[in-house]
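Commentary on secondary and tertiary structure
Residues per chain are reported as follows:
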Amino acid sequence: MIAKRIDKKPDVRDDYSHLGRYVAAAREKGEKLDKFWIVNCDAGAGLDDLDTALIEIEATRTMASADVDNKTYHLVVSFQPGEQDKLSLDELQDIERHFAQALGFADHQRVAGTHINTDNFHLHVAFNKVHPATGKVHT
């Protein structure tokens, strides 16, 4: 397994909803959504809850200072060929949860989904860096 943070390009604005929809819809050519879940949102935890969860996350993000230009942490975890069939939803969620804890985002809102469009099965996690209770940005 290889984990990599995807840095925001300087010329692209921070748009959590766009990233959340990308993780959920997998709109690129050949992109296929495998599993999907939402964490720490009152809106719910499934794909049907995405629109409401994104509204909730965007509202949380307004609690942070307007001076903060990047309130999103995008993580991609790539797996070895053949691991897709071996990893259950519970195991994938456990991997995502461990990364969230290690990065200091355990209590933060996030959208996660696995994609099967490349040779390597991979997991996208879009963390809201703004803490939902304190409004502080975790860096």
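Only a predicted model underlies this, so the values are computations on that prediction, with no experimental measurement involved.

What counts as what
Residues numbered from 1 in each chain as written. Predicted model: local features only at pLDDT ≥ 70, side-chain atom pairs only at ≥ 80, totals over all residues. Heavy atoms only, no water. Axes fitted to C-alpha atoms, helices over the stretch in contact; angles between N-to-C directions. Helix = DSSP H or I, 4+ residues; strand = E, 2+ residues; numbered from the N terminus. Parallel < 35°, antiparallel > 145°, perpendicular 65-115°, else oblique. Left-handed = near helix turned anticlockwise from the far one by under 90°. Contact = heavy atoms within 4.5 Å. Nonpolar A, V, L, I, M, F, W, Y, C, P; charged D, E, K, R; others polar. Core = buried A, V, L, I, M, F, W, Y, C linked by side-chain atoms within 4.5 Å. Buried < 20%, exposed > 50% of the residue type's maximum accessible area, 1.4 Å probe, protein only. Phe/Tyr/Trp six-rings, centres within 6.5 Å; stacked < 30°, edge-to-face > 60°.

1. Observations concerning the packing of helix α1 (residues 16–25) against helix α2 (residues 50–61)
Two numbers describe how α1 lies on α2: the axes approach to 10 Å, and their chain directions differ by 150°. As judged from the angle between their axes, α1 and α2 are roughly antiparallel. Regarding α1 and α2, the two cross each other, and that crossing is right-handed. Residues Tyr 16, Ser 17, Gly 20, Arg 21 and Ala 24 of α1 form the contact with α2, whose participating residues are Leu 50, Asp 51, Leu 54, Ile 57, Glu 58 and Arg 61. Across the contact of α1 with α2, the residue classes tally to 5 nonpolar, 2 polar and 4 charged.

2. Re the nonpolar core
Soluble globular proteins tend to pack their nonpolar side chains together in the buried interior. Core analysis: the largest hydrophobic core is formed by 16 residues, its most contacted members being Phe 79, Leu 123 and Phe 127. Going through the elements one at a time, β2 (33–39), β3 (72–78), α3 (89–103) and β5 (122–128) are the ones with two or more residues in this core. Sequence-distant contacts of Phe 79, that is, excluding residues within four places in its chain, are made with Met 1, Leu 87, Leu 92, Ile 95, Asn 120, Phe 121, His 122 and Leu 123. The next biggest cluster of nonpolar side chains, apart from the first, holds 14 residues, and it includes Val 23, Leu 54, Val 111 and Ala 126.

3. A word on the packing of aromatic side chains
According to the stated counting rule, one finds 4 aromatic pairs in the structure shown. With a centroid separation of 5.4 Å and 50° between ring planes, the pair formed by Tyr 73 and Phe 105 is classed as tilted. With a gap of 32 residues between them, Tyr 73 in strand β3 and Phe 105 in the loop between α3 and β4 (110–115) connect regions that are remote in the sequence. Under the relative-accessibility criterion, Tyr 73 is labelled buried at 16%. Overall, the relative accessible area of 2% leaves Phe 105 in the buried class. Pairwise contacts between aromatic rings join Tyr 73, Phe 105 and Phe 127 into one cluster.

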